[in-house]
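Residues per chain, in single letters:
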Amino acid sequence: MNWDDDDTTAEAAEAEARIVGASAEGDDQAVEAALRPKDLSEFVGQEKVRQQLDLVLKAARQRGATADHVLLSGAPGLGKTTLSMIIAAEMNAPIRITSGPAIQHAGDLAAILSSLQEGEILFLDEIHRMSRPAEEMLYMAMEDFRVDVIVGKGPGATAIPLELPPFTLVGATTRAGLLPPPLRDRFGFTGHMEFYDPGELQRVIHRSAGLLDVEIDPAGAAEIAGRSRGTPRIANRLLRRVRDYAQVKADGVITREISEAALRVYEVDNRGLDRLDRAVLEALLKLFGGGPVGLSTLAVAVGEERETVEEVAEPFLVREGLLARTPRGRVATPAAWAHLGIVPPQAAGPGGVGNSMGKGQQGLFGA
């Protein structure tokens, strides 16, 4: 229901191919557009951000002014794009959508800004990936509603000031720490999107099921919600796959049993781990006795690129408390052993690595 974001890196391409990947491409985007809530009253979750944003927008409407610039940060799939569209709807204004990677030159940004209408919403996704010259032009545009267009080159170059109509910039980022302070400080409102709890995801699933004309019982929705990684986009994707299974293998009604059977086919376990996640954990536990082991070695063991393991699999495993990143390498937690049903080896003294390979490595490297 609430989602956004797309990335062009190799690890993002890998994530997009996973049923539990948080990016949306192709058919996903078309389906998501139909499921998006249209106003704040329909938006599920993110209570603090929603209430704060509601005040900002109502105050702007009462003043008859454009809303302050808004920065939304958080993981992919949590609703940043959805909220930007809701802002436009609440302000009864048109919205222009672009992304940071698409703006590589200051001229690209100047062309977009100069064509904005008064009060229009400019949604800039992945704003942290915008080029530096464009970023510096944006400072003046946000603060003074003016840009300087450089005409000519060298000593004969001339700066022509271009006045802009008042507009609202909505920036979205998955990495707020990469935004320079001068840009971050120019946003009047900053909202951080949190992961959803299972109860909120069940509401998302029930709403989406109604829009998709799918019959689902509370237990079936709870089963899907528990495997959705706290992300509405993933919840909706799993719902559609379970719907397909229920349509082909059963009577079309989604129950707990149908949800479990369907997600077993798609290799999504009861904590939301998929094939790649389990492969990383199994290699860490079975081949390296729970670690510590270096990232490159772990990637070779699972037959994936280092970046794929680090950027695609590890964040969720760390968030779930199944894996820890330490200065000596990756280490499995007790929860990882319990989840895979593997008995941990006996601890070998203070170092904690229990198999013979671990002992040899400790002796060799003196760690």
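Preceding block: the structure.
Scoring rules and cut-offs
- Residues numbered from 1 in each chain as written.
- Predicted model: local features only at pLDDT ≥ 70, side-chain atom pairs only at ≥ 80, totals over all residues.
- Heavy atoms only, no water.
- Axes fitted to C-alpha atoms, helices over the stretch in contact; angles between N-to-C directions.
- Helix = DSSP H or I, 4+ residues; strand = E, 2+ residues; numbered from the N terminus.
- Parallel < 35°, antiparallel > 145°, perpendicular 65-115°, else oblique.
- Contact = heavy atoms within 4.5 Å.
- Pairing = 2+ DSSP bridges.
- Salt bridge = Lys/Arg side-chain N within 4 Å of Asp/Glu carboxyl O.
- Buried < 20%, exposed > 50% of the residue type's maximum accessible area, 1.4 Å probe, protein only.

Draft legend 1. Broad picture of the packing of helix 9 (residues 218-226) against helix 11 (residues 256-265). Helix 11 packs onto helix 9 with a crossing angle of 30 degrees between their chain directions and a minimal axis gap of 7 Å. If you check the angle between helix 9 and helix 11, you find them roughly parallel. Contacts between helix 9 and helix 11 involve Ala-219, Gly-220, Ala-222, Glu-223 and Ile-224 from the first element and Arg-256, Ser-259 and Glu-260 from the second.

Draft legend 2. Expanded view of the sheet that holds strand 1 (residues 70-73). The five strands are arranged 2-3-6-1-7 in an open sheet whose pairing can be described as parallel. Since the sheet does not close on itself, it has two edges, and those belong to strand 2 (95-99) and strand 7 (189-192), each with one partner. Averaged over all pairs of adjacent strands, the angle between their axes in this sheet comes to 15 degrees, without regard to strand direction. Both strand 2 and strand 3 (residues 121-125) contribute to a ladder of five bridges, which runs parallel. Directly across from Thr-98, in strand 3, lies its bridge partner Leu-124.

Draft legend 3. The pattern of salt bridges, seen in detail. One pass over the full model with this rule turns up 18 salt bridges. Note that Arg-243 is salt-bridged to Asp-244, the shortest N-O span being 3.4 Å. Judged by its relative accessible area of 25%, Asp-244 falls in the partly exposed class. Close ionic contact of Glu-304 with Arg-275 constitutes a salt bridge, the shortest N to O distance being 3.4 Å. Of this pair, Glu-304 sits in the loop between helix 13 (295-302) and helix 14 (306-319) while Arg-275 sits in helix 12 (residues 275-287), and the two are 29 residues apart along the sequence. Classification of Arg-275 as partly exposed rests on a relative accessible area of 39%. In the salt-bridge network here, residues are joined through shared partners; they are Glu-223, Arg-227 and Arg-256.

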